[in-house]
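One letter stands for each residue in the lines below.
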Amino acid sequence: MAGNERKIEKELQLLKVLTLSIAKAENYHTALDMCLREICKTTGWSYGEAWTSANDNKTLNISNVYYGEHEELKEFYAHSKEMVISPNTGLPGLIWQSKQPYWMKDIISDNRFVRMKLALQFNLKTALGIPVLADGKVIVAIVFFMLEFEEDKELVDMLLTIVGQLGLLFKRLSLEDNVRKVNRALRVLSDCNETIIRSTDESNLMHEICKIAVGSGGYRMALIAFAQHDAQKSIKIVSSAGFSGDYFEYLKDLTWADSQPKAALSSNVIRTGKSVIIRDIDSDPVFSPWRDAAIKQGYHSVISLPLIINNEVVGVLNMYAAEIDAFDSEEQKLLEQLANDVAYGIMSLRTTIEKEKIEKKQAQLTDIIESTTDLVVIADAQLRGIYINQGGLKLLGIEHEPDSSLDIKLFLSDDAVRILDLAIPYAVQNGTWSGESTLKREDGQLIPVSQVIIAHKSSHGKLEFVSTIARDLTEYKKLQAQLFQAQKMEAMGQLAAGVAHDFNNMLTAVVGYGNILYNKLKDNEQLRYNVAQILNASEKAASLAQDLLSFGRKHDNTLMPLDINKTITNVSDLLTKLVRESVALKIELSSEQLMVMGNRTHIEQVLMNLVGNANDAMPDGGSLTINTMVAEIDETFIKEHGYGRQGRFAYISVHDCGSGIDKDMLQKIFDPFFTTKPIGKGTGLGLSVVYSIVKQHNGYIDVHSSLGNGTTFYVYLPLREGLAG
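Worth saying up front: this structure is predicted, and the values here are computed from it rather than measured.

## Observations concerning the nonpolar core
In terms of nonpolar packing, the biggest core is built from 38 residues, with I564, L610, L624, F670, I701 and L717 touching the most fellow members. Elements supplying a minimum of two residues to this core: α16 (564-578), α17 (600-616), β20 (622-633), β21 (647-656), α20 (686-696), β22 (700-705) and β23 (711-718). Excluding residues within four positions of it along the chain, L610 makes contact with V654, L687, V690, F713 and V715. Grouped together as the second largest cluster of nonpolar side chains are 35 residues, A185, I196, A326 and L335 included.

## Let's talk about the sheet that holds β20
In a beta sheet, neighbouring strands pair by backbone hydrogen bonds and run either parallel or antiparallel. Read from one edge of the open sheet, five strands run β18-β20-β21-β23-β22, paired in mixed fashion. A strand with exactly one partner marks an edge of an open sheet, and here the two such strands are β18 (583-588) and β22. Neighbour to neighbour, the strand axes of the sheet diverge by 20 degrees on average, direction disregarded. Summarising the sheet, β22 and β23 pair through six bridges and their orientation is antiparallel. Residue pairing across strands places I701 opposite V715, the latter belonging to β23. Its contacts with the sheet place α16 against β18, β20, β21 and β23, and it is angled at close to 170 degrees to β20.

## Focus: the packing of aromatic side chains
Tallied over the entire structure, the rule returns 18 aromatic pairs. With centroids separated by 5.8 Å and ring planes inclined at 75 degrees, the aromatic side chains of Y247 and Y320 adopt a geometry described as edge-to-face. Within this pair, whereas Y247 is found in the loop between β7 (235-242) and α9 (264-272), its partner Y320 is found in strand β10 (residues 312-321), the two being separated by 73 residues in sequence. The class of Y247 is buried, set by a relative accessible area of 1%. For Y320, a relative accessible area of 2% puts it in the buried group. Seen from their ring centres, Y643 and Y700 are 5.7 Å apart, and the 35 degrees between their planes marks the pair as tilted. With a gap of 57 residues between them, Y643 in the loop between α18 (635-641) and β21 and Y700 in strand β22 connect regions that are remote in the sequence.

## Observations concerning helix α3 (residues 73-80)
Looking at α3, one finds that the buried residues are L73, F76, Y77 and S80. The arc that holds the buried residues of α3, viewed along the axis, is 100 degrees, so those residues lie on one side. Of the surrounding secondary structure, the elements contacted by the buried residues of α3 are β1 (47-53), β2 (60-66), α5 (116-121) and β5 (137-146).

## Some remarks on the confidence of the model for the protein chain
For the protein chain, mean pLDDT is 81; residues scoring 70 or higher make up 83% of the total. Confidence over residues 678-684 falls short of pLDDT 50; this stretch has nine contacts with residues more than four positions distant or in other chains.

## Overview of the sheet that holds β5
With antiparallel pairing, the five strands of this open sheet are ordered in space as β2-β1-β5-β4-β3. Two strands in the sheet have a free side with no partner beyond their single neighbour: β2 and β3 (102-104). Averaged over all neighbouring strand pairs, the angle between strand axes comes to 20 degrees, with direction disregarded. Against the sheet, α3 engages β1, β2 and β5, with an angle of about 15 degrees to β1. Relative to the sheet, helix α4 (residues 90-98) contacts β1, β2, β3, β4 (126-134) and β5, its axis offset from that of β5 by approximately 145 degrees.

Cut-offs applied
- Residues numbered from 1 in each chain as written.
- Predicted model: local features only at pLDDT ≥ 70, side-chain atom pairs only at ≥ 80, totals over all residues.
- Heavy atoms only, no water.
- Core = buried A, V, L, I, M, F, W, Y, C linked by side-chain atoms within 4.5 Å.
- Buried < 20%, exposed > 50% of the residue type's maximum accessible area, 1.4 Å probe, protein only.
- Helix = DSSP H or I, 4+ residues; strand = E, 2+ residues; numbered from the N terminus.
- Contact = heavy atoms within 4.5 Å.
- Pairing = 2+ DSSP bridges.
- Axes fitted to C-alpha atoms, helices over the stretch in contact; angles between N-to-C directions.
- Phe/Tyr/Trp six-rings, centres within 6.5 Å; stacked < 30°, edge-to-face > 60°.
- Arc of directions from axis to C-beta.
- pLDDT = per-residue confidence, 0-100.

Here's what the structure looks like:
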């Protein structure tokens, strides 16, 4: 009787110790550790291990082990945990399937013990398997080993009794552990979703996700890595939080290429798009390249989750836990939802950034289009205006904002409409058409333009809309006309100079022999008169030759400091004599000294030519005004007039109130041998010589006139500041 009491007391004592230990345990796995340790220490069993079912319920895994001071059995554990045990295989599978304990007094004699060779290697003799039941289901299979043959049935019965009573405690802990895991996953999911909503930066978002996983979830470490599309198909860690130490040193050169076994965890997730769980880093061969470094940092299990954007796995979210088999099915589902939310957050940020880039680019293009002075128009396939920029509105003289149904053809000349009818089909066939055309302003003024028409077609080749860019060629045409004029004048000048030179040589002989003949005909007045007429004609011819030489720049043009106002004053008497009595000559000089580098004789020649032409334009008399002042030529002047360079100029204007000159004649006014005077009244070289002289002084000359409103010539000569008069 006393023996039974001692036995019961011993059982109660062990049960009390186990119950208290399990109650203090933080989680299910810690409780199993304490249970194995206390039973082995109290009963003398050498080695204990706990087997639990994987999430697929198809295999059993060692979740906990205790070997106390028997360090040699550590290797037995290392080999055992690499084995795949099904619920009907070996001692753990036998008791899991039968739900009954099993005592192998002699391991060697029982052929159902699949680890027989391993047991012999480590001299294990006896084994005892006990199922821990809760609600009729096995929740864990506990197996003990002895290095000696165990014959104590009372000890075995005691273990069966005690362990059999632990089922509900383990179930409660398991449920609490599941709830704890779900709760931490929910906390992480909730906190991360708040961060995703608030986040405006991808890098910051990923960093915060990792911090939340460690801070709110209690995971040992979290990292996010992206699949790179380089030649090596590398995996790049972009963010992490938690205990990492030198662990990342072992993660260099990661790859998701099929041919490379390294990074098998993350690479498998990237390739398949499915989550992977390593339940025990210490025993899983997939993790062997980084096992020691991981365990050093306290990692015992890890889950790798795919980050999927638009059906493409762009990376992984990995979470490392301090406990073995940390991730159950419910927690896995929540963490997979978290990975989906993180991927959505990354996609949203990238979409937002891309949208902002597009909007910024569109704003820049719009700003460029609205800032250009060129006309930019977008029209539908029926050539109804969809968009016209501000430069186009200004070019066409449209002051109001046009509606979307604006007919583009209303702003084209008749020729331009015909050109457009040919250009559109050409652009549809070839993509673009370019050429010159003519726009018609709202006020009817025609504007020459260079134009590009672009046909925008659908993927099926149907014309959807048309865009065009047109540049005003008005100033270009002016400059082109001036260039042609300058080139023509240059060519005419060279021709005139050559003719004048040869003509002078012939005139020298004519005049010389004429004078000899004139002197020898002293007694014949009639012949002397005829010779005199020849000499008079020769003098006029010589004067014409001199004009040709001046026009052709074959004369002396030495430039010296010259005061324009003084030059006009000095020649004013001569100018007065050039005009008829019915013409009133007014000279209005600038109060500011106008110093230029000039040739006095040639400037006087310019004045006399202009005054002489003005006098001829007023046969019935009128007023003639010479005016001087300082003129500032700037960018606006150059743009409006089509000539000039920036700077200060001496300005001379000669204005008459004569009959004026029509538009067609104005185009030829400076041409050599062109004159509006009757035949025999002018050579047509006067204004050509004036033009040539002004150009030799690096100046500009212009004329404004219209029929019935008189004529004004403008001469601009560059000022030379600081010259003494």
